[in-house]
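Here is what each chain is made of, one letter per residue.
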Amino acid sequence: KPERQMCHHNATFFCQHNSGYVPVRGWLYFELPGMGHAKFLSHSVVGAPDGTCFDITPWEATEHYPFLGSNLSEDVYAVLVEVQGRCHLHPSKTG
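Right, let's walk through the structure included here. Just so it is clear, the structure is predicted and the values come from calculations on it, not from any experiment. (Residues numbered from 1 in each chain as written. Predicted model: local features only at pLDDT ≥ 70, side-chain atom pairs only at ≥ 80, totals over all residues. Heavy atoms only, no water.)

Overview of unusual backbone geometry
Across the chain, the bulk of peptide bonds are trans and the bulk of non-glycine residues have phi less than zero.
So, step 1. Unusually for a residue other than glycine, Gln5 sits at a positive phi of about 60°.
So, step 2. Its location among the elements puts Gln5 in the segment before helix H1 (7-16).
So, step 3. In the Ramachandran plot, Asn71 falls in the positive-phi region, its phi being about 60° despite a non-glycine side chain.
So, step 4. Locating Asn71 in the fold gives a position in the loop between strand E4 (67-69) and helix H2 (74-84).
So, step 5. When its relative accessible area of 79% is taken as the criterion, Asn71 is described as exposed. (Helix = DSSP H or I, 4+ residues; strand = E, 2+ residues; numbered from the N terminus. Buried < 20%, exposed > 50% of the residue type's maximum accessible area, 1.4 Å probe, protein only.)

Some details on the pattern of salt bridges
Opposite charge on two side chains allows them to pair when their charged atoms are near.
So, step 1. Counted under the stated rule, the structure contains 2 salt bridges.
So, step 2. Close ionic contact of Glu60 with Arg4 constitutes a salt bridge, the shortest N to O distance being 3.6 Å. With Glu60 in the loop between strand E3 (53-54) and E4 and Arg4 in the segment before H1, this residue pair connects regions lying 56 residues apart in the sequence.
So, step 3. Accessibility expressed as a relative area gives 63% for Glu60, which makes it exposed.
So, step 4. Among the ionic pairs, Glu74 bridges to Arg25, the shortest N-O distance being 3.0 Å. Taken as a pair, Glu74 in helix H2 and Arg25 in strand E1 (residues 22-32) lie far apart in primary sequence, 49 residues in all. (Salt bridge = Lys/Arg side-chain N within 4 Å of Asp/Glu carboxyl O.)

A look at the sheet that holds E4
So, step 1. Read from one edge to the other, the open sheet built from 4 strands follows the order E3-E2-E1-E4, with strand pairing classed as antiparallel. On the outer flanks of this sheet lie E3 and E4, each paired with one strand and no other.
So, step 2. Across 11 bridges, the pairing between E1 and strand E2 (residues 37-47) is antiparallel. Each bridged residue has a counterpart across the sheet, and for Trp27 the counterpart in E2 is Ser42.
So, step 3. Sitting on the sheet, H1 touches E1, E2 and E3, and the angle it makes with E2 is about 20°. (Pairing = 2+ DSSP bridges. Contact = heavy atoms within 4.5 Å. Axes fitted to C-alpha atoms, helices over the stretch in contact; angles between N-to-C directions.)

Some details on the pairing of E2
So, step 1. What sits between the antiparallel neighbours E1 and E2 is a turn of 4 residues, in which Gly34 has the positive phi angle 85°.
So, step 2. Bridge count between E2 and E3: 2 bridges; the pairing is antiparallel. Paired with Val46 across the strands is Phe54, a residue of E3.
So, step 3. Between E2 and the antiparallel strand that follows it, E3, lie 5 residues; Gly51 among them carries a positive phi value of about 95°.

Let's talk about the environment of Gln5
So, step 1. Exposure remark for Gln5: the relative accessible area of 67% places this residue in the exposed category.
So, step 2. Expressed as a C-alpha distance, the spacing of Gln5 and Thr57, which sit 52 residues apart in the sequence, is 7.4 Å.

See below:
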């Protein structure tokens, strides 16, 4: 069962157990009106065989925040996440 605040693990675990699906790494985009900047939070979703993406991690936000895929290798993305200090990225065994 997917857990809150475990997006990287949730996506990786789902893909390891569902053939044809891949974890998609990236960021959630939060616009901060009136503050003059935006915030990006590391996040992972599931990529389906048809090319669509969906989020399996439970979320209690009242509004939708856009997801931006990273297009980075797992290794480079993992380093960025560790430096950012948001959460740990578990290596994918799916590719």
